[in-house]
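Examination of the molecular architecture
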Number of protein chains: 2
Amino acid sequence: MNRQIVLRERPRGVIDESTTELIEVPEPTCGPGQALVKVAMLSIDPTIRTWMNDAPGYMAPIEIGAVIRSSGTGVVVASQNDRYHVGDIVFGMTNWQEWVIADDVNRFSVIPADLGVDLATAMNVLGVTGITAYFGLLEVGEFRPGDVVVVSGAAGATGSVVGQLARARGAARVVGIAGGPDKCADVVERYGFDECLDYREPRLSSRLRSACPDGVDLYFDNVGGDVLDAALASIAMRGRVVLCGAISQYNEVGHQRGIANTSMLIMRRASMRGFIVLDFAERYLEAQGVLASMIHDGTLQHREHLVAGLEHAPDALNLLFNGGNLGKTLVVVDESIALA
Amino acid sequence: MNRQIVLRERPRGVIDESTTELIEVPEPTCGPGQALVKVAMLSIDPTIRTWMNDAPGYMAPIEIGAVIRSSGTGVVVASQNDRYHVGDIVFGMTNWQEWVIADDVNRFSVIPADLGVDLATAMNVLGVTGITAYFGLLEVGEFRPGDVVVVSGAAGATGSVVGQLARARGAARVVGIAGGPDKCADVVERYGFDECLDYREPRLSSRLRSACPDGVDLYFDNVGGDVLDAALASIAMRGRVVLCGAISQYNEVGHQRGIANTSMLIMRRASMRGFIVLDFAERYLEAQGVLASMIHDGTLQHREHLVAGLEHAPDALNLLFNGGNLGKTLVVVDESIALA
């Protein structure tokens, strides 16, 4: 059988037990041009929450009754497609289920067995979250050595890589913003940021001004809302704001929290630019090469938060919003599948 | 004597009779390295209102007791500086007064007598407002032929030039946003926009979506607030938002109205960039050349709203905010001074 988690009703605010349903359907069979993949791990990303809304986005909403859309990894167990070979570990849109069919349309990529890292690390730093950090900082944010860089969601899978990359490339100063003392400690001690501000404490704007007295050259935003507004208040002349995500807003019901400090973009001749990592799909290998070498030479620290069991995927998604995770959140569907 | 309008107290909201004071001081005398300029006209710009606040900006606030800062034109009546010759018509920071000293620090530029336009036109299209439109559209907005362009404050001095320039350079569609039926009629009939939406009518977002069903490639914002938010909701893939001004917010007391749709910048991989025309100061002649030739070949319509008398400068400033002006607002201080 194939256990699947499907969307039962669209959530208002935080997802709960009425949002999704665990069902069982027959295991799919491998037809011509197809490969049968047994799912190993699911990548739990904030964007999944946005796909549950019936709202315009960069992808269509998940249909009611459909399996929850998600990237993940698995192993090829049968193949009638030259692209896939039995035993290959593949990455693609597995969705929240135990088995998936890979073909020429929903193309999966094969993860090289000789990466020298375990599957969880590959899915974190070498997966979409690490790649997002790479292109967001270097391409969208036009990072330059000497920049004062501020990153929100700094303890998270993308934010932690942004800060370490900025440090490795010669940032003058790297300041994180995260929620709570544990995450802030992780950001400074594990990831080597110069400082980390807890957004749950009062007066973030003035603390950020103290932390970056000459202004913020590059602000990498993963959270939106009040934190973005505080960062805009400290933007430096010709500063750049990279909009990667707005996790503080994804569970908001109705109108989103407004940003009041957009006029700082005029005063400081600054820019704000949004992106989606898919736009850089042809260049993923470049990012993965750089990030892999940083793992191997020890300049890139990382942390994975593993949740065991497909049935816990909805809870794992909520961890991203209530701050209960520490590092990249992954759901282990089949722990027996490993890289190399 | 030299009549001056000085800042008496910082306004909260709209300026009123307690904000400024008309005083008389002795006429300045021309010392070594100086020129004495008799002021002809004042350029009344929304940015003057922002300088009255005790808030960080791209220039220091006007000090209490100081003459209101303003650009303007005048004629040189005495000179001990080789840069200035008696009879020259000059442009610079005249401030709100009848006489001003020009020197090597507060450099005035000499307006060529053979421009073939009157002084009011020179101060409008060839002045800061027209130059702002030129660099905002072409440089900051990276205008491309085929763009769908939307301009707020479309009946205003800058907005009307933005739309006409976009049309002349091959925009697919030019849509204005303005306040009230008279201004909207002017935008379509005088300035040749395809359509103009009245922001005072309800449901601007949905009307904008209907006016630009394929999205807005370039939005030139002069007003901020709700109108900016509505434009973000319709931004096209890889669209560009140029932040030129936020006139709807300059009289706001306390926190400014928030922009809720910043996440559209992510979904649409769009960018938002602020600028100040001073950044392009070395290239003003380029803009003036293009704009002058468009006036002469009839492709650039313009309109000036003249207010007579230095003492009415505060009222003239308020016209910008209550919608009482039609075209570039200028205060005539000495009507006897003319170009050529």
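About the criteria used
- Residues numbered from 1 in each chain as written.
- Chains lettered and ligands numbered in written order.
- Predicted model: local features only at pLDDT ≥ 70, side-chain atom pairs only at ≥ 80, totals over all residues.
- Heavy atoms only, no water.
- Contact = heavy atoms within 4.5 Å.
- Buried area = accessible area lost by both parts, 1.4 Å probe.
- Salt bridge = Lys/Arg side-chain N within 4 Å of Asp/Glu carboxyl O.
- Polar contact = N/O pair within 3.5 Å; in protein donor to acceptor, adjacent residues only side chain to side chain.
- Helix = DSSP H or I, 4+ residues; strand = E, 2+ residues; numbered from the N terminus.
- Least-squares fit on C-alpha atoms with pLDDT ≥ 70 in both.
- Buried < 20%, exposed > 50% of the residue type's maximum accessible area, 1.4 Å probe, protein only.
- Pairing = 2+ DSSP bridges.
- pLDDT = per-residue confidence, 0-100.

Further remarks concern the interface of chain A and chain B. Counting residues at the interface gives 28 residues for chain A, matched by 28 residues for chain B. Carbon and sulfur atoms supply 58% of the area buried between chain A and chain B, which totals about 2,600 Å² over both sides. Looking at the side of chain A facing chain B, the largest losses of area belong to Ile266(A), Met267(A) and Arg269(A), adding up to 23% of the total buried there. Taken together, chain A and chain B are joined by 4 salt bridges. When the shortest N-O distance is used, the salt bridge between Arg238(B) and Asp279(A) registers 3.9 Å. Where chain A touches chain B, the interface holds 6 residue pairs in polar contact (both at pLDDT 80 or more). Listed by contribution, the elements that provide at least two residues to the side of chain A that touches chain B are β12 (235–243), α8 (263–267) and β13 (271–274) of chain A.

Expressed as a screw operation, the relation of chain A to chain B combines 0.0 Å of axial shift with a rotation of 180 degrees, fitting to an RMSD of 0.0 Å. Here the symmetry operator amounts to a two-fold rotation axis. Residue Gly258(A) of chain A places its C-alpha closer to the rotation axis than any other residue of that unit, at 1.9 Å. Comparing interface residues between copies, 96% of those in chain A also lie at the interface in chain B; the contact surface is shared.

Okay, the pairing of strand β3 (residues 35–43) of chain B next. Working note: regular strand, side chains alternate between the two faces of the sheet. All names here are of chain B. Of all the 9 residues making up β3, 8 are buried; the element is thus mostly covered by neighbouring parts of the structure. Across 4 bridges, β3 lies against strand β6 (residues 99–102) in antiparallel orientation. Looking at the pairing, Leu-36 lines up with Ile-101 of β6. Examined bridge by bridge, β3 and strand β15 (residues 328–332) share 3 bridges and lie antiparallel to one another. Within β15, the residue paired with Ser-43 across the bridge is Leu-330.

What follows deals with the confidence of the model for chain A. Residues at a pLDDT of 70 or more form 99% of chain A, whose mean pLDDT is 94. This complex was scored by the predictor with a pTM of 0.90 and an ipTM of 0.87.

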